[in-house]
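Descriptive analysis of the structure
Single-letter residue listing:
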Amino acid sequence: YDYEGSDYDEDFDEYTASIKTSTQGAIIIPETVNGYTVTGIGDYAFYGLINVANDVQIPYGVTSIGKYAFDMCVAMPSVFIPYGVKTIGASAFGVCQKLSEVELPFGVTSIGESVFSFCTKLSRVIIPSTVTTIGDYAFRSCTKMYFIDNLATIPQTININVFEDISKSCYLGVMNYAKDSYKQ
């Protein structure tokens, strides 16, 4: 990665660092910058980087992924989201057209609005039991979606049109002991 510098924000008691992508189209997010642990991916951090054609590894220590953080990274094939991430903002991975599978880690509590919308190659997603809310249009137009593993024993609060325009042959997998909760 190429570190550009940092600015201290006294209002929020945090540092903000800017990181460039490499010439090979990779996003490399370090665990620390100048001795400070990277704890979040900011809003619009990597928005529209259409040349990102490598897997993205989000480091341990990150607890939030901001809105539109990776939106429009159309060539990004996969992303590793580590344990410790609690929230994923609106459209964080929207229009990542090469993204094929996503496993959300245990600990994520909220999936933002349109978070994976228009990820047209997304075929499988694993939702941990810790997720309590899934935002509007979270999986909108994921036309290749064939399997959703939902590990929650009680169905999440689901807003309108969460699964709009996904494959008609998509399966919802739930734990055997939770089936009755999902039948209602």
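Description of the structure in this document. If you're wondering where the values come from, they're calculated on a predicted model, not measured in any experiment.

1. Let's talk about the overall build of the protein
On a plain count of helices and strands, the protein comes out with one helix and 16 strands. When each of the 184 residues of the protein is scored for burial, the buried share is 40%. Sequence-distant contacts, at least 24 apart, represent 36% of the contacts inside the protein between residues at least 6 apart. Accessible area of the protein: about 9800 Å², with a carbon and sulfur share of 49%.

2. Quick word on a nonpolar patch on the surface
A grouping of Y60, F80, Y83 and F106 is seen on the molecular surface, where their side chains present a nonpolar patch of about 460 Å² in accessible area. Overall, the relative accessible area of 30% leaves F80 in the partly exposed class.

3. What to know about the sheet that holds strand β10 (residues 101-103)
Read from one edge of the open sheet, four strands run β10-β12-β14-β16, paired in parallel fashion. Edge positions in the sheet fall to β10 and β16 (171-174), since each of these pairs with one other strand and no more. Each adjacent strand pair in this sheet contributes to an overall mean axis angle of 10°, direction not counted. In the sheet, strand β12 (residues 124-127) pairs with strand β14 (residues 147-150) via four bridges, with the strands oriented parallel. Within β14, the position partnered with I126 by the bridge is D149.

4. A closer look at the sheet that holds strand β13 (residues 133-134)
By definition, the strands of a sheet pair up through backbone hydrogen bonds, in either a parallel or an antiparallel sense. Strand order in the open sheet formed by six strands is β5-β7-β9-β11-β13-β15, and the pairing between neighbours is parallel. Of all strands in the sheet, those with a lone pairing partner are β5 (40-41) and β15 (157-158), marking the two edges.

5. Here's the deal with unusual backbone geometry
Backbone geometry at M72 places phi at a positive 70°, although glycine is not the residue there. Mapped onto the elements of the fold, M72 is located in the loop between β7 (64-65) and β8 (79-80). The exposure class of M72 is partly exposed, given its relative accessible area of 30%. Despite not being glycine, V95 has its phi angle at roughly 55°, a positive value. Judged by its relative accessible area of 17%, V95 falls in the buried class.

6. Some points on the side chain of S117
Within the secondary structure, S117 sits in the loop between β11 (110-111) and β12. Here S117 falls in the buried class, since its relative accessible area comes to 7%.

7. Details of the pattern of salt bridges
Two side chains carrying opposite charge are able to pair once their charged atoms lie near each other. As enumerated under the stated definition, the model contains two salt bridges in all. Taking the shortest distance from any N to any O, the salt bridge between R124 and D149 comes out at 2.5 Å. Of the two residues, R124 sits in strand β12 while D149 sits in strand β14, which places them 25 residues apart along the sequence. Across the pair E164 and R140 runs a salt bridge whose closest N-O atoms are separated by 2.9 Å. In this pair, E164 is assigned in the loop between β15 and β16 and R140 in the loop between β13 and β14, connecting sequence segments 24 residues apart. The class for R140 is partly exposed, based on a relative accessible area of 28%.

8. Let's talk about the packing of aromatic side chains
For the coordinates displayed, the defined rule picks out nine aromatic pairs. Ring geometry for F46 versus F70: centroids 5.2 Å apart, planes at 20°, classification stacked. Separated by 24 residues along the polypeptide, F46 in the loop between β5 and β6 (56-57) and F70 in the loop between β7 and β8 bring together distant segments of the chain. The same class applies to F46 and to F70, which are both buried. Ring centres of Y47 and Y68 lie 6.4 Å apart, and the angle between their planes is 70°; on these two criteria the pair is classed as edge-to-face. Here Y47, found in the loop between β5 and β6, pairs with Y68, found in the loop between β7 and β8; they are 21 residues apart in sequence, far enough to count as distant. Residue Y47 is classed as partly exposed on the basis of its relative accessible area, which comes to 42%.

Rules of the game
- Residues numbered from 1 in each chain as written.
- Predicted model: local features only at pLDDT ≥ 70, side-chain atom pairs only at ≥ 80, totals over all residues.
- Heavy atoms only, no water.
- Helix = DSSP H or I, 4+ residues; strand = E, 2+ residues; numbered from the N terminus.
- Buried < 20%, exposed > 50% of the residue type's maximum accessible area, 1.4 Å probe, protein only.
- Contact = heavy atoms within 4.5 Å.
- Areas by Shrake-Rupley, 256 points an atom, 1.4 Å probe, with all protein chains shown as cover.
- Patch = residues over 30% accessible without salt bridge, like charges linked within 9 Å, V, L, I, M, F, W, Y side chains within 5 Å.
- Salt bridge = Lys/Arg side-chain N within 4 Å of Asp/Glu carboxyl O.
- Pairing = 2+ DSSP bridges.
- Axes fitted to C-alpha atoms, helices over the stretch in contact; angles between N-to-C directions.
- Phe/Tyr/Trp six-rings, centres within 6.5 Å; stacked < 30°, edge-to-face > 60°.

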